[in-house]
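Summary of structural features
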Amino acid sequence: MLTSTRNLAHIGTTLLRTLIAVTTLVMLTSSGTALAAQTPGVYDLIKDFGADPTGATDSTAAVQSFFNTLGSGQVGLIPQGTYSITSTINVYLKSGFRVNGLGPTTSGQTIFRWDGPSGGVVFALNQVQMSYFKDFSITSGAGTIGVCMDTDNIPPLVQISTDNRYDDISCNGSTIAGFRFSHQSTQNNELHVLTDVSVQCSGGRGLSIENCESKFNLVRNGSFSNCDEGIGVESAGSFHAWNPRFTNNTIDLHVGSPCDTIALYHAVSVGSQQLVRTDGATGAPWPILVENGDFDVSSIPAGTNGIQDLTPGPLVLKNNNFHSSKVTAASNFVVLESTFSPEGGLSSMGNIYPAGSPFQVNGQLVSVGDIFNGGGAQAPAPIVTGTILTVRP
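A few points on the structure. (Residues numbered from 1 in each chain as written. Predicted model: local features only at pLDDT ≥ 70, side-chain atom pairs only at ≥ 80, totals over all residues. Heavy atoms only, no water.)

Some points on the overall build of the chain
Threshold: Per the convention used, a helix needs a DSSP run of H or I reaching at least four residues, while a strand needs a run of E reaching at least two, with both numbered from the N terminus. Summary of the burial criterion: residues with accessible area below 20% of their type's maximum are buried, those above 50% are exposed, and those between are partly exposed, where the area comes from a 1.4 Å probe applied to protein chains only.
When helices and strands are counted, the chain shows three helices and 36 strands. Looking at the chain as a whole, 52% of its 393 residues are labelled buried.

Next up, the structure:
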């Protein structure tokens, strides 16, 4: 009996010593400011790098170290809070990592505040591919933002920027662009997916695609407001967008020269001064499709073409509702088509227009099944037969 008691006492003492040792090790380990990740492959911006979530002190160095550390297959967590950034965060030559903001209402609770020089770039991604950025906001603070997220390929090149995903990210107060692709490089910078993004501009573009090699980009549920151009494709590039919402822009969509198909599906526009403007030459007559949209044309000034098409490729308007509660704005709505290329022209099918025929055509026009609400005194648009224009996809 005495022996059993002694054995139990020895076991208890050993367990107690082990527990004290482990506790001491944890306390010592937790005291560092840039420690190894608490969970292998998962890094926390505050716990592992000492960022200040109150915004009272500069977190630029901590955020830069955070991105420098992340490798392929690893995850970076950004706790709820506001982080002051005073110079550009450069993310270079990365692949296959994920950055995720934390907070009860996603992007609005995890904020990077730009306190650097006005017109600056907050995040510059160079040769970053197959990575995921989710649930955070970028907003102007002491300085006005130029570009929230800039993705490019700047030599010397090791890999290209491609297949990145931007999910539930908001950009507030940008003067140049919310998201910008291929500003400097002509190398491939494509196949990026933007989901539930929001850009509230102070001018500039919401989404800016600037080179022919930035194509096949996808936008789902994006909103672009108070921009000079909600989405701008110039000098070249391409994208498809589902459910984009445009509010109070000078132009919702401006296309310089597409380098593949461009499409808007289920777009909504309110308060903008021009819906679509296409211009310039292109190497190939790529089609542009606008389908199933709802466009309030009440804010389009007299003398401004609501839609203006000058590209050599076809413009297809299909099953859209163009409307206005203002009689003057409705009667002034104009769709200008001035394409003389044999592959170009305007196809208008099943659209509702706010008054009589809106078409001013110097090129080719196909109008099938359109509805005009201008009354019997206005002649309907002509139905033009000939080559039926097609669009991908």
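So, next bit.
With respect to the pattern of salt bridges
Filter applied, for reference: By convention in these notes, a salt bridge is any Lys or Arg side-chain nitrogen within 4 Å of a carboxyl oxygen on Asp or Glu.
Tallied over the full model, the rule gives nine salt bridges. Here Arg 205 and Glu 229 are joined by a salt bridge, their closest N and O atoms 2.8 Å apart. Separated by 24 residues along the polypeptide, Arg 205 in strand 16 (residues 205-209) and Glu 229 in strand 19 (residues 229-237) bring together distant segments of the chain. In the salt-bridge network here, residues are joined through shared partners; they are Lys 134, Asp 135, Arg 165 and Asp 167.

Here's the deal with the state of the cysteines
Each disulfide consists of a covalent bond between the sulfur atoms of two cysteine residues. Put simply, the rule is: By disulfide we mean two sulfur atoms from cysteines, separated by a distance within 2.5 Å.
Taken as a whole and assessed by the stated rule, the structure comprises three disulfides. A disulfide bridge connects Cys 148 with Cys 171, and the sulfur atoms are separated by 2.0 Å. Judged by the sign of its S-S torsion, about 80 degrees, the cystine formed by Cys 148 and Cys 171 is right-handed. You can see Cys 148 sitting in strand 9 (residues 145-152) and its partner Cys 171 sitting in strand 11 (residues 165-174), a full 23 residues away along the chain. Like Cys 148, the residue Cys 171 is buried in the burial classification.

Considerations on the packing of aromatic side chains
Under the convention used in this document: Note on aromatic contacts: the rings of Phe and Tyr and the six-membered ring of Trp form a pair at centre separations within 6.5 Å, being stacked when their planes are under 30 degrees apart, edge-to-face when over 60 apart, and tilted otherwise.
Counting across every chain of the model gives 21 aromatic pairs. With a centroid separation of 5.7 Å and 15 degrees between ring planes, the pair formed by Tyr 353 and Phe 372 is classed as stacked. Residue Tyr 353 is located in strand 33 (residues 352-353), and its partner Phe 372 is located in strand 36 (residues 371-372); the two are separated by 19 residues in the primary sequence. Exposure remark for Tyr 353: the relative accessible area of 0% places this residue in the buried category.

Concerning the side chain of Gln 274
Cut-off, in case you're wondering: Any pair of N or O atoms that falls within 3.5 Å is considered a polar contact. Within protein, one atom must be able to donate a hydrogen and the other to accept it, and sequence-neighbouring residues count only if both atoms are side-chain atoms. Should any heavy atoms of two residues lie within 4.5 Å, those residues are counted as being in contact.
Along the polypeptide, Gln 274 turns up in the loop between strand 24 (268-270) and strand 25 (276-278). Of the residues examined, Gln 274 reaches a relative accessible area of 7% and is grouped as buried. In terms of polar contacts, Gln 274 uses its side chain to reach the backbone carbonyl oxygen of Asn 305, at 2.8 Å. In contact with Gln 274, other than residues within four places in its own chain, are Thr 250, Ile 251, Asp 252, Ile 300, Thr 304, Asn 305, Gly 306 and Gln 308.

So, the nonpolar core
Selection rule: In this description, a nonpolar core means a group of buried Ala, Val, Leu, Ile, Met, Phe, Trp, Tyr and Cys residues linked to one another through side-chain atoms lying within 4.5 Å.
Judged by nonpolar contacts, the single largest core of 69 residues is most densely connected at Phe 67, Phe 123, Phe 133, Phe 136, Met 149 and Tyr 166. The contact partners of Tyr 166, leaving out residues within four places of it in the chain, are Leu 125, Phe 133, Met 149, Thr 151, Phe 179, Phe 181, His 192, Val 193, Leu 194, Thr 195 and Val 197.

Section: unusual backbone geometry
Of note, the amide linkage connecting Pro 155 to Pro 156 takes the cis form, showing an omega dihedral of 0 degrees. Take Pro 156: it is sitting in the loop between strand 9 and strand 10 (161-162). For Asp 135, which is not glycine, the phi dihedral falls at a positive 65 degrees. Relative to the assigned elements, Asp 135 resides in strand 8 (residues 132-140). Residue Asp 135 is classed as buried on the basis of its relative accessible area, which comes to 8%. Phi is positive for Asp 196, which is not a glycine, with a value near 55 degrees. Of note, Asp 196 is situated in the loop between strand 14 (193-195) and strand 15 (198-201). Residue class for Asp 196 comes out partly exposed when judged on its relative accessible area of 36%.

Comments concerning the environment of Lys 47
Residue position: Lys 47 is located in the loop between strand 1 (42-44) and helix 2 (60-69). Note: C-alpha distance between Lys 47 and Leu 77 (30 residues apart in sequence) is 9.8 Å.

Considering the side chain of Asp 279
Mapped onto the secondary structure, Asp 279 falls in the loop between strand 25 and strand 26 (288-291). Under the relative-accessibility criterion, Asp 279 is labelled buried at 16%. In this structure the side chain of Asp 279 is engaged in a polar contact, spanning 3.1 Å, whose partner is the side chain of Arg 277. Residue contacts for Asp 279: discarding those within four places in its chain leaves His 254, Val 255, Gly 256, Ser 257, Leu 310 and Thr 311.

Quick look at the environment of Ile 262
Locating Ile 262 in the fold gives a position in strand 23 (residues 262-265). Overall, the relative accessible area of 0% leaves Ile 262 in the buried class. Measuring from C-alpha to C-alpha, the distance between Ile 262 and Leu 315 comes to 9.7 Å, with 53 residues separating the pair along the chain. Leave out the neighbours within four places in its chain, and Ile 262 touches Val 233, Gly 237, Ser 238, Phe 239, His 240, Leu 253, Val 255, Pro 287, Ile 288 and Leu 289.

Some details on the environment of Gly 146
Locating Gly 146 in the fold gives a position in strand 9. Judged by its relative accessible area of 0%, Gly 146 falls in the buried class. For Gly 146 and Gly 119, which are 27 residues apart along the polypeptide, the C-alpha to C-alpha distance reads 3.8 Å. If near-sequence neighbours (up to four positions away) are discounted, Gly 146 is found in contact with Gly 119, Gly 120, Ser 174, Thr 175, Ile 176 and Ala 177.

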